Amino acid sequence: MQRLCLSPLTISDKTIDGTLFSGSWCLIEKVVSAMEEDNISCDVVQLRKITKKDYYKEAELCIKLYDKYIEILSVELNRINKVNYSIRYWNTLLHSFLNLIVSSTIDHYHVLIDITDKHENLVADIIDYRQTWFDPHNFPGGSSRILHLVIYSIIVDNNKSLSKSFVDNQIVHSNLLVLGDGKKTSPSETTIKNKIILFFRKHMGFLIILRNIMKGELSLKWIKFISTNVLALGDQYLTRSLFKSLFRKLGCAPFYFSAKGWKFEGLQPVNLKKRASIKMPGADSELELAVQKCILQLIPTIYLENYQQIRSKIDKVVPERKMTILNSQHCNGGSYIDFFIAHSVAHYQSHHLMICHGGCYGVMDVSVQEQVWARMSDTYAMWNKPKSYFPECTSIKLPSLRFQKWLSHSVQPTGKDIVFFATGHYPNRYAYNSIFPYTIDDVYDKQQIDFMSALDDDVLESIFIRDFHHSERISVDSFIGWARSNNIRVVTRGESFQSSLIKSKLAVHVVPQTTYLETIVLDYPTIVFWNPEVNYIRDDLYIYFEQMIEAGVIHLSPESAANQINKIANNPLLWWRTSKVQS
């Protein structure tokens, strides 16, 4: 039997030799070292590739299962909690949890099917998912390694055709300490920097509150005492002065709100008997059964065991008046924000306006995330051509304030460098933003290497890589690892977006997301390339992209982008100012 590794968290020194790794994200440092130094043989499964037809089919299944189980959970949670709220109310509360569970389970199930179709006699390493691996009251983000290992473990444990082996918990905990739990988590939570931050939060909290007030940020707990009928959740990507100007024109208090730091004490633990009381229908497939098992195991206690306690406390905060709620998904507070919105809409008929400020929202042909958001909104505002995502939600066009803020900036491309906005592949984050499935895969590692390899030597010397998403944390065997081994400069979060541009003369981007539109709005020389085989742009928007392809701004291969840069590298601004590009 060959061992199947589904997560780097299950790897020990004794389990590397002969193992089949489910993807390159499992190739952590100890694995790479063993392969190179000890000449250990390992097999690595290539990331699952799907056709456009299958892509649409899975997206359709995702929203179908989401709708089915949000309706089931609405009925059951109303019954168990002795309330009578609408499906939209429960959509507002459960959307982050349920969307991630459904989409991740679909992906992981098909990954396992793909592996078992090509390999025989496998035994999958899993963990005892019935133990508490993360906060049972809230749900971890989509980049959480332990969350996806739990989902894999639930699928395998309920799959009769795949053998399993339970990994020692100590191995998993040790790997978590070294690796961290995802791309946004520091490997160690005990660093001096973190200790200093925790000290100031504990002993100097009033100074932090005062600083936030000076910035225009208030706790959502204060909203009852402020007379405003327009509630901004987060700063809407505006500077303090622009925010104040906008809200004074609206005749509203110039503050935005968050639930930063909100915590509820004395929460009850998981109640297995109460979870078992949730009535599920007969599953139509093995995949759907896995979805059911994940829901019952992982639904946060704030919707079940502790729902009444949270509901009571939120009701004390929600103002007894109708408001327009501006929600850009750019606000601290997560689940508590969702509770606030749900209760304000349900009890006082507030108008929930979901505002799309980002570059990928509204652009992709298939957008499960936006369909889910539309199910909890009265209005969905897009920066581009409006598209209807749900009959009961009106789609409108509004300027992106995230782009708008750059109109007041002047960043001159007078530096000597070329800034390269790198990306990583996130196979464990399947339902990210507006894209289904997440379009960044391990092809992007190769494409970024191919791009760098096609640059002239003198051009390559002027490149530095901005690895804002910490893609190196996902896999040692990545593009960033290749770049470091080739002495290419890499910066992470220590340098601001604007600072990177000031010292450069050209910006290069590799995905059709927000940053390339920001540099275009800044009128900053910009080159973009992406893989059209996994980025399905809406047909009705493609004409605008074709114009930028003709101008040499957008490229559909890394070699084409590199050739363009080789031609203009001496003076990118001269090319950028040509009538063909500017028009």
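A brief structural summary. In every chain, residue numbers begin from 1 and rise along the written sequence. Per-residue local features of the predicted model are confined to residues with pLDDT of at least 70, and side-chain atom pairs are confined, for both listing and counting, to 80 or more; whole-chain, interface and lining totals are unaffected and use all residues. Heavy atoms from the whole structure form the basis of all side-chain values; hydrogens and water molecules are not counted.

1. Notes on the layout of surface pockets
If a probe the size of a water molecule is rolled over the atoms, the empty space left behind becomes visible.
At step 1: Method remark: on a 1 Å grid restricted to protein atoms, a set of points is classed as a cavity if a 1.4 Å probe fits but cannot get out and as a pocket if it is open with protein on both sides within 12 Å along at least five of seven lines; lining residues have an atom within 4 Å of a point. Grid points are joined across faces, edges and corners, and a volume is the space filled by probe spheres set on the points. Estimates place the volume of the second largest pocket at around 800 Å³.
At step 2: Lining of the second largest pocket is provided by 27 residues; of these, Trp-383, Leu-517, Ile-520, Tyr-544 and Met-548 occupy positions nearest its centre.
At step 3: Only α14 (401-404), α19 (514-521), α20 (542-550) and α23 (579-582) provide two or more residues apiece to the lining of the second largest pocket.
At step 4: A total of five residues in the lining of the second largest pocket trace back to one element, the largest contributor, which is α20. A run of H or I in DSSP counts as a helix once it spans at least four residues, and a run of E counts as a strand once it spans at least two, with each numbered from the N terminus.

2. A look at the sheet that holds strand β13 (residues 417-421)
For sheets, the rule is that strands pair by backbone hydrogen bonds, running either parallel or antiparallel.
At step 1: Read across the open sheet, the six strands follow the order β15-β14-β13-β16-β17-β18; overall the sheet is parallel. The sheet terminates laterally at β15 (489-491) and β18 (554-555), the two strands that pair on one side only.
At step 2: Two strands pair when backbone bridges link them, and β13 and strand β14 (residues 463-466) are joined in this way by four bridges, in the parallel orientation. Paired with Val-419 across the two strands is Phe-464, which belongs to β14.
At step 3: Against the sheet, helix α15 (residues 443-453) contacts β13, β14, β16 (504-509) and β17 (526-529), and its axis sits at roughly 165 degrees relative to β13. DSSP-based pairing: two strands are paired if at least 2 bridges between them are found. Whether two residues are in contact is decided by their heavy atoms: any pair within 4.5 Å suffices. Inter-axis angles, ranging from 0 to 180 degrees, are taken between N-to-C directions of lines fitted to C-alpha atoms, where helices are fitted over the stretch in contact.

3. Focus on unusual backbone geometry
At step 1: Phi at Lys-82 is positive, roughly 55 degrees, even though this residue is not glycine.
At step 2: Looking at the element boundaries, Lys-82 is found in the loop between α2 (52-81) and α3 (87-118).

4. A few points about the nonpolar core
At step 1: Joining through side-chain atoms within 4.5 Å is the link that ties buried Ala, Val, Leu, Ile, Met, Phe, Trp, Tyr and Cys residues into a set, and such a set is a nonpolar core. For the exposure calls, accessible area comes from a 1.4 Å probe over protein chains only, and a residue counts as buried if that area is under 20% of its type's maximum, exposed if over 50%, partly exposed in between. If you look at the biggest cluster of nonpolar residues, it comprises 110 residues, and the most contacted ones within it are Leu-94 and Leu-298.
At step 2: It is α3 that contributes the most residues to this core, 14 residues altogether.
At step 3: In contact with Leu-298, other than residues within four places in its own chain, are Phe-97, Ile-101, Phe-134, Phe-139, Leu-147, Val-150, Ile-151, Ile-154 and Arg-275.
At step 4: In terms of nonpolar packing, the next biggest core, distinct from the first, is built from 55 residues, Met-364, Phe-403, Tyr-516 and Ala-562 among them.

5. What about a negative patch on the surface?
At step 1: Patches were defined on residues exceeding 30% relative accessible area and lacking a salt bridge, with like-charge contacts within 9 Å and nonpolar side-chain contacts (Val, Leu, Ile, Met, Phe, Trp, Tyr) within 5 Å. Per-residue and other accessible areas were derived by the Shrake-Rupley procedure at a 1.4 Å probe size, with only the shown protein chains allowed to occlude residues. Should a side-chain nitrogen of Lys or Arg be within 4 Å of a carboxyl oxygen of Asp or Glu, the pair is scored as a salt bridge. Just so you know, the count uses Lys and Arg for positive and Asp and Glu for negative, and it drops His and the chain ends. Here the site of a charge means atom NZ of a Lys, CZ of an Arg, CG of an Asp or CD of a Glu. On the surface, a cluster of negative charge is contributed by Asp-456, Asp-457, Asp-458 and Glu-461.
At step 2: Here Asp-456 is to be found in the loop between α15 and α16 (457-461).

6. Focus on the environment of Ala-342
At step 1: When you line up the elements, Ala-342 lands in helix α12 (residues 335-348).
At step 2: Look at Ala-342 and you get buried, because its relative accessible area is 3%.

7. Overview of the packing of aromatic side chains
Centre distance and the angle of the planes are the two values used to describe a pair of aromatic rings.
At step 1: Pairs were defined over the aromatic rings of Phe, Tyr and Trp, the Trp ring being its six-membered one, requiring ring centres within 6.5 Å. Orientation was assigned from the angle between planes: stacked under 30 degrees, edge-to-face over 60, tilted for the rest. On inspection of all chains with the given rule, the structure shows 26 aromatic pairs.
At step 2: Between Phe-243 and Phe-247, the ring centres sit 4.3 Å apart and the planes meet at 15 degrees, which makes this aromatic pair stacked. One end of the pair is Phe-243 and the other is Phe-247, both in helix α8 (residues 240-249) and four residues apart, which spans about a single turn.
At step 3: Residue classification places Phe-247 among the buried residues on the basis of a relative accessible area of 1%.
At step 4: Taking 5.4 Å as the distance between ring centres and 75 degrees as the angle between the ring planes, the aromatic pair formed by Phe-243 and Tyr-256 counts as edge-to-face. Of this pair, Phe-243 sits in helix α8 while Tyr-256 is found in strand β8 (residues 256-258), placing the two residues 13 residues apart along the sequence. Each of the two residues, Phe-243 as well as Tyr-256, counts as buried.
At step 5: Each residue in the set Tyr-85, Tyr-89, Trp-90, Tyr-303, Tyr-307 and Phe-339 is aromatic and connected to the rest through ring pairs, giving one cluster.
At step 6: Placement of a positive charge over a ring is assigned whenever Lys NZ or Arg CZ falls within 6 Å of the ring centre and within 35 degrees of the normal to the ring plane. In this structure, Lys-503 packs its charged tip against the face of Phe-464, placed 4.4 Å from the ring centre.

None of this, on its own, says anything about what the molecule does.
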